[in-house]
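Structural overview for review
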Amino acid sequence: DRTVSILGVNFIHINLRQMIDRLMEHVKNEEKKFVVTANPEIVLHTLEDETYKKNVEKADYVTADGIGVVKAAQMLGQPLPERVTGFDMFMGILEKANEQGSSVYLLGAKDEVLQKTKQNMNKQFPNVEIAGSHHGFFDWEDDAIIRDIQETKPDFIFVALGFPRQEQWIAENMPYAEKGIFVGIGGSFDVLAG
Ligand code: UDP
């Protein structure tokens, strides 16, 4: 894949539609992938925190989360096609997942937000199977969440813990899953919850 490096973070040169199609293809092939939706704050944080930088480097895809990244790429003379934000990807994936009956696991946000997110998801995307969910305030050492994911084998695992936690959680736990597309999506559950 063609990438554009911004301060050492390699962004994929792709638009939202193509990115979603690519992920659905990985689902079909039962693959395991890690997606970071990186905004300027995330890029700057990789410069300050070596462990975080290593976590982001484990991603299969880093997408341009926001206009700041698109502008930076343009200034470097290597324009990216458009922004591919966590929330837009979340919605776009749910649309496709609804068509294909894919399954999702939701990790993150406060429990009442998470419950509301699931209700709205069931309304808007009734064919999406919610394989499981867990709120985002848990004991880091507890392996109940990843065990749940191992058992239910969801196609997508949406991790909405905010950065840098979501990338750390994915980097540490993804090795224990057989398959699944792990995507860090920041505050997206709060948005869908309304
Ligand atoms: N959150 C969480 N666990 C935590 C801290 C935060 O689940 O320990 C959730 C929080 O409830 C919110 C999201 O993570 O839903 C953070 O959203 P924010 O917009 O702060 O993250 P960003 O988009 O900046 O990564």
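The paragraphs below set out a description of the structure included in this document. Here the structure is a predicted model, which is why all the values come from computation and not from measurement. (Residues numbered from 1 in each chain as written. Predicted model: local features only at pLDDT ≥ 70, side-chain atom pairs only at ≥ 80, totals over all residues.)

1. So, the overall build of the chain
Here is the rule we go by: For helices the rule is a DSSP run of H or I covering at least 4 residues; for strands it is a run of E covering at least 2, with both sets numbered from the N terminus onward. Just to be clear, the radius of gyration here is over C-alpha atoms, and the globule rule we use is 2.2 Å times residues to the power 0.38. Counting other C-beta atoms within 10 Å of a residue's own tells you its class, since 20 or more makes it buried, 12 or fewer makes it exposed, and anything in between is partly exposed; those C-beta atoms are placed from the backbone.
For the chain, the helix and strand inventory stands at nine helices and eight strands. Taken against the 2.2 N^0.38 rule, which gives 16 Å for 194 residues, the C-alpha radius of gyration of the chain at 16 Å falls within 12% of a compact globule. Along the first, second and third principal axes, the C-alpha atoms of the chain reach 45 × 35 × 35 Å. Evaluated residue by residue, the chain yields a buried proportion of 41% over its 194 residues.

2. What to know about the packing of helix H3 (residues 50–57) against helix H8 (residues 165–173)
Formally: Each axis is a line fitted through C-alpha atoms, and for a helix only the stretch in contact is used; angles between axes span 0 to 180 degrees, taken between their N-to-C directions. Here is the rule for handedness: rotate from the far helix to the near one, and if that takes an anticlockwise turn smaller than a right angle the crossing is left-handed, while a clockwise turn gives right-handed. Any pair of residues counts as being in contact when their C-beta atoms, constructed from backbone geometry, are within 7 Å of one another. Polarity classes work like this: nonpolar for Ala, Val, Leu, Ile, Met, Phe, Trp, Tyr, Cys and Pro, charged for Asp, Glu, Lys and Arg, and polar for all others, with Gly in that last group.
Relative orientation of the contacting elements H3 and H8 amounts to 60°, with a least axis distance of 9 Å. Seen from above, H3 lies across H8 with left-handed handedness. Contacts between H3 and H8 involve Tyr-52, Asn-55 and Val-56 from the former and Glu-167, Gln-168 and Ala-171 from the latter. The residue inventory of the contact of H3 with H8, partitioned by class, reads three nonpolar, two polar and one charged.

3. Concerning the site of the ligand
We apply this condition: By definition, a residue lies near a molecule or strand provided its backbone-derived C-beta atom is within 6 Å of it.
Every one of the 14 residues lining the ligand counts as a neighbour, but Ala-109, Gly-136, Gly-162, Gly-186 and Gly-187 are closest to it. Taken together, the residues of the shell around the ligand sort by class into six nonpolar, five polar and three charged.

4. Topic: the pairing of strand E1 (residues 3–6)
Let me state the cut-off plainly: Pairing between strands is defined by DSSP: at least two bridges between the two strands are required.
Side chains of E1 alternate between two faces, with Val-4 and Ile-6 buried and Thr-3 and Ser-5 left unburied. The pairing of E1 with strand E2 (residues 9–12) spans four bridges and is classified as antiparallel. Bridging across to E2, Ile-6 finds its partner in Val-9. What sits between the antiparallel neighbours E1 and E2 is a turn of two residues, in which Leu-7 has the positive phi angle 50°.

5. Topic: the environment of Trp-169
Structurally, Trp-169 is set in helix H8. We classify Trp-169 as buried; it has 23 C-beta atoms within 10 Å. Remark: the alpha-carbon pair of Trp-169 and Gln-124, spanning 45 residues in sequence, is separated by 28 Å. With residues near it in sequence (within four places) discarded, Trp-169 still touches Val-159 and Leu-161.

6. Topic: the pairing of strand E5 (residues 103–108)
Regular strands have side chains that alternate between both faces of the sheet. The following threshold applies: Look down the strands so they point away from you; if going from the first strand over the helix to the second traces a clockwise path, that crossover is right-handed.
Taking burial as the measure, the six residues of E5 include five buried ones, the bulk of the element. After leaving E5, the chain enters helix H6 (residues 111–124) and then returns to the sheet as strand E6 (residues 129–134), a path that is right-handed. Sheet topology note: the E5/strand E7 (residues 156–160) ladder contains five bridges and is parallel. Within E7, the position partnered with Leu-107 by the bridge is Val-159.

7. A few points about the sheet that holds strand E8 (residues 180–184)
Strand order in the open sheet formed by six strands is E4-E3-E8-E7-E5-E6, with parallel pairing between adjacent strands. Strand pairing shows two members of the sheet lacking a second neighbour, strand E4 (61–64) and E6, which therefore form its edges. Strand-to-strand, the axes of this sheet are offset by a mean angle of 20°, without reference to chain direction. Across the sheet, helix H5 (residues 86–100) touches strand E3 (32–38), E4, E5, E7 and E8, and the angle it forms with E7 is around 155°.

8. Some details on the nonpolar core
The nonpolar side chains of soluble globular proteins are, as a tendency, buried together. We apply this condition: Here a nonpolar core is just a set of buried residues of the types Ala, Val, Leu, Ile, Met, Phe, Trp, Tyr and Cys, joined wherever their C-beta atoms sit within 7 Å.
Judged by nonpolar contacts, the single largest core of 58 residues is most densely connected at Phe-11, Val-62, Phe-158, Val-159 and Val-183. Those residues in contact with Val-159, other than ones at most four positions away along the chain, are Leu-107, Gly-108, Gln-166, Trp-169, Ile-170, Phe-182, Val-183, Gly-184 and Ile-185.

9. As for the packing of helix H1 (residues 16–28) against H5
What counts, and what does not: Any angle that falls under 35 degrees is termed roughly parallel, while one over 145 is termed roughly antiparallel, one within 65 to 115 roughly perpendicular, and all others oblique.
Between H1 and H5, the least distance of the axes is 10 Å, while the angle of their chain directions is 50°. In terms of orientation, H1 lies oblique with respect to H5. The way H1 lies across H5 gives a crossing that is right-handed. Side by side, H1 and H5 meet where Leu-16, Met-19, Ile-20, Leu-23 and Met-24 of the first sit next to Asp-88, Met-89, Gly-92, Ile-93 and Lys-96 of the second.

10. Some words on the environment of Gly-186
Its location among the elements puts Gly-186 in the loop between E8 and helix H9 (188–193). By C-beta crowding, Gly-186 is classed as buried, having 23 other C-beta atoms within 10 Å. Each C-alpha atom, one on Gly-186 and one on Gln-100, is 25 Å from the other, the two residues being 86 residues apart in sequence. The residues contacting Gly-186, other than those within four sequence positions of it, are Gly-86, Ala-160, Gly-162 and Phe-163.

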